[in-house]
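# Summary of the model geometry
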Amino acid sequence: MEVVIVPDATAGGGLIAGAIADLLRRKPDALLGVATGSTPLPVYRALAGLAGEGRTDVSRARICQLDEYVGLPAGHPESYRSVVLREVVEPLGLAEESFMGPDGTAEDIVEACAAYERTLAEAGGVDLQLLGIGTDGHIGFNEPCSSLASRTRIKTLTEQTRKDNARFFDRPEDVPHHVITQGIGTILEARHLVLLATGEAKAEAVALAVEGPLAAVVPASALQMHPHATVVVDEAAASKLK
Ligand code: F6R
């Protein structure tokens, strides 16, 4: 695992956008796995900036979601499908067809999870998966004690994660209790994992993930098993590394 310490979130966003641009030069139709939440937004802005200046050609890029809330109505502004369309797909000028995600509105959620696994496999697998990290060490929505071999499935959010995500909803009780998330085993199949963490609130989780033992209680520690994992942290998020 490679750890890169950058001065701030903007620098982290620029660095990762540059890595994505390099990947798209080598493989124009790369499948990019995107996370939601606040942390990756500087990456998406920097990538859209590079594309706007003609410094990268994103026209054949494909985008896939990491996770999705269960039960939000289709088109809800905070569904992760809406967020990725708004923050990634539209700013990059991509067609909606180049974008794939799990169906959190499906009646049969178990089948929706299996279908998403098939979609990712048929697409040839994820080339670069961007990850954030929860204050409790989750990646995707694999909360602590998720199996390190897990596949895409329904998970219950911890109260801590629901509290952390309440800022996106009108009322705290509106945060869904359930999500579909790629499993840790699914995430580990991506060819390159890039985790971005910014701010002091992530320092403890980053230290446990990077320097702690490999343990299901800290899902992000699974990156230690991956042959090509890059952790990009700002100074605040790096503050508890030894
Ligand atoms: C969301 C996701 C989560 C977030 C994590 C951090 O798609 O995968 O693991 O990355 O909850 O969220 P922020 O960046 O909002 O602190």
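Residues numbered from 1 in each chain as written. Predicted model: local features only at pLDDT ≥ 70, side-chain atom pairs only at ≥ 80, totals over all residues.

## Examining the UniProt feature "site: Part of the allosteric site" (unreviewed entry) in the chain
- UniProt feature "site: Part of the allosteric site" (unreviewed entry): in the numbering of this structure it lies at S146, R153, K155 and T156.
- Its 22 C-beta neighbours within 10 Å are what place R153 among the buried residues.
- Owing to 22 C-beta atoms within 10 Å, K155 belongs among the buried residues under this scheme.
- The residues contacting K155, other than those within four sequence positions of it, are F141, N142, E143, H178, V179 and T181. (UniProt positions renumbered as here; feature names shortened; annotations may be inferred. Buried ≥ 20, exposed ≤ 12 C-beta atoms within 10 Å, placed from the backbone. Contact = placed C-beta atoms within 7 Å.)

## Some remarks on the sheet that holds strand β8 (residues 178–181)
- Spatially, β4-β8-β7 is the arrangement adopted by the three strands of the open sheet, whose pairing is antiparallel. Two strands close off the open sheet at either side, each with one partner strand: β4 (67–69) and β7 (153–156). Between one strand axis and the next, the sheet turns through 30 degrees on average, direction left out of account. (Pairing = 2+ DSSP bridges. Helix = DSSP H or I, 4+ residues; strand = E, 2+ residues; numbered from the N terminus. Axes fitted to C-alpha atoms, helices over the stretch in contact; angles between N-to-C directions.)

## Description of the site of the ligand
- Contacts to the ligand come from 13 residues, most closely from T36, G37, S38, T39 and G132.
- Taken together, the residues that form the shell around the ligand break down as four nonpolar, eight polar and one charged. (Near = placed C-beta within 6 Å. Nonpolar A, V, L, I, M, F, W, Y, C, P; charged D, E, K, R; others polar.)

## Things to note about the nonpolar core
- Among the nonpolar cores identified, the biggest contains 66 residues, and L47, L130, I133, V194, L195, V206 and A220 are the most heavily contacted of them.
- Take this core: its biggest share by element is six residues, from helix α2 (residues 41–52).
- With sequence-adjacent residues up to four places away left out, L47 is seen in contact with A17, I20 and L92. (Core = buried A, V, L, I, M, F, W, Y, C linked by C-beta atoms within 7 Å.)

## Quick notes on the sheet that holds strand β3 (residues 62–65)
- Reading across the sheet, the seven strands line up as β1-β10-β9-β6-β2-β3-β5 and stay open at both edges, with parallel pairing between neighbours. Looking at the sheet topology across the chains shown, the edges are occupied by β1 (2–6) and β5 (99–100).
- Where strand β9 (residues 192–197) lies against strand β10 (residues 229–234), five bridges are found, and the strand directions are parallel. Across the sheet, residue L195 finds its bridge partner in β10, namely V231.
- In the packing of helix α3 (residues 80–89) onto the sheet, the strands contacted are β2 (31–34), β3 and β5, and the crossing angle to β3 comes to about 150 degrees.

## Some remarks on the packing of helix α1 (residues 9–26) against α2
- Between α1 and α2, whose axes approach to 7 Å, the crossing angle comes to 55 degrees. Accordingly, the angle class assigned to the pair α1 and α2 is oblique. The element α1 and its partner α2 pack so that their crossing is right-handed. Seen from α1, the contacting residues are A9, T10, G12, G13, G14, I16, A17, I20 and A21; seen from α2, they are P42, V43, R45, A46, L47 and L50. (Parallel < 35°, antiparallel > 145°, perpendicular 65-115°, else oblique. Left-handed = near helix turned anticlockwise from the far one by under 90°.)

## A short note on the environment of A201
- With respect to the helices, strands and loops of the structure, A201 is situated in the loop between β9 and α7 (203–211).
- When the C-alpha positions of A201 and D136 are compared, they lie 10.0 Å apart, and in sequence the two are 65 residues distant.

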